[in-house]
Amino acid sequence: MYVYLNDRLVPVSDAKVSVFDHGFLYGDGVFETMRVYDGVVFMLNEHLYRLYRSASMIRLDISFDPDFIKKAIYETLYANKLRNAYVRVTVSRGYGSVGLDTELCKEPTFVVIAEEFKEYPESYYRGGVKVIVAKTRRNHKDALNPQIKSINFLNNILAKIEAKEKGAYEAIMLNSEGRVAEGTISNVFFVKEAGAIRESPLLCTPSKDAGILDGITRGIAINLAERDSIMVNEGSFTPEDLYSALEVFLTNTTMEIIPVCQVDNVRYSVGSVTKLLHEAYRKVVKDYVTSNKLSSLKGRR
Ligand code: PLP
């Protein structure tokens, strides 16, 4: 297995980062996780845009351009002969002596890891996953803004520990006002019944103001719902709104759209809106892969 480290591919046994790296010492850095379908990195530009945005929010100057990162990702995939993969790009503040001053680090450390994608069990999509509402609150956006996809992941890890202790797959975190924010690695959606005025069900998801990562899958799900005339409410919601919903699902790059069968003690069946959006999402992936393969073929001619 090969890993891309700084400016080259190296065998995994040589892929070593210093104990003085500020990523290791302080969790000072940013990352992105991507999914590769049939040799194509899905939503690559969007992920790179978010990587640079996260970096700029922590004043981390990624000294190389997006084309270099794209090339590094594809070289890592080819070197490992991967067509369906999970890719993680990490950029840390880099090597520097102990201390919080970012100027101690002269060069960021850049790593690309690619691994064979392990499909989620089909039963997750058919029957849904169990989640809890965690006691751990999401970082306040004025403390560590969840829009920064930072390698400092302890907030999410603490919530994940709670989920595991309760036999749940994912934990939904509330923000400091007790409003629903997001999962440890996912965004949350739920479906409300059609009201007396509305004919179609209402799809709800916490707005960016709730203090969430604006997930790329979340954005696609909202667009697909609107395209299919499902009304979307990006708002501020309580756990009770979740408990009284008809359907609940999670979105994330690797899991796509995954139904929830239980939040705390409340159960849900996998509903029609969740199924419709997941099918539509898979079609978006298929079309994206086809058109990206075509354009790379044209590029080679
Ligand atoms: N929220 C958090 C905290 C995450 O870490 C992630 C992804 O890892 C998401 C939401 C989902 O984002 P995306 O759809 O871009 O994968």
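Residues numbered from 1 in each chain as written. Predicted model: local features only at pLDDT ≥ 70, side-chain atom pairs only at ≥ 80, totals over all residues. Heavy atoms only, no water.

Concerning the domain arrangement of the chain
- The domain boundaries assigned to the chain delineate domain 1 (2–116) and domain 2 (122–285).
- For domain 1 and domain 2, the distance between their C-alpha centroids amounts to 27 Å.
- When domain 1 packs against domain 2, close to 1,800 Å² is buried across both sides, 65% of that on carbon and sulfur atoms.
- On the domain 1 side of the interface with domain 2, the three residues burying the most area are Phe-31, Phe-42 and Arg-50, jointly 30% of the side's total.
- The interface formed by domain 1 and domain 2 includes two salt bridges.
- One salt bridge connects Arg-53 with Asp-214, and the closest N-O pair in it is separated by 2.8 Å.
- Counting the contacts that link domain 1 with domain 2 gives eight residue pairs in polar contact (both at pLDDT 80 or more). (Domains from an automatic or database assignment. Buried area = accessible area lost by both parts, 1.4 Å probe. Salt bridge = Lys/Arg side-chain N within 4 Å of Asp/Glu carboxyl O. Polar contact = N/O pair within 3.5 Å; in protein donor to acceptor, adjacent residues only side chain to side chain.)

Regarding the packing of aromatic side chains
- Under the counting rule described, the total for this entry stands at 15 aromatic pairs.
- Ring centres 6.1 Å apart and planes at 80 degrees place the aromatic pair Tyr-4 and Phe-68 in the edge-to-face group. Placement of the pair is Tyr-4 in strand S1 (residues 2–5) and Phe-68 in helix H3 (residues 66–79), with a sequence separation of 64 residues.
- Seen in terms of ring centroids, Phe-20 and Tyr-95 are 6.2 Å apart; in terms of plane orientation they differ by 65 degrees. Their pairing is edge-to-face. Of this pair, Phe-20 sits in the loop between strand S2 (8–11) and helix H1 (22–26) while Tyr-95 sits in the loop between strand S5 (85–92) and strand S6 (109–116), and the two are 75 residues apart along the sequence.
- Relative accessible area serves as the criterion here: at 37%, Phe-20 is assigned to the partly exposed category.
- For Tyr-95, a relative accessible area of 53% translates into the label exposed.
- Grouping aromatic residues by their ring pairs yields a cluster made of Tyr-4, Phe-64, Phe-68 and Phe-110.
- Geometry around Phe-117 places Arg-35 over its ring, the cationic atom sitting 3.8 Å from the centre.
- Here the guanidinium or amino end of Lys-160 rests over the ring plane of Tyr-169, the centre of that ring lying 5.2 Å away. (Phe/Tyr/Trp six-rings, centres within 6.5 Å; stacked < 30°, edge-to-face > 60°. Helix = DSSP H or I, 4+ residues; strand = E, 2+ residues; numbered from the N terminus. Buried < 20%, exposed > 50% of the residue type's maximum accessible area, 1.4 Å probe, protein only. Lys NZ or Arg CZ within 6 Å of the ring centre and 35° of its normal.)

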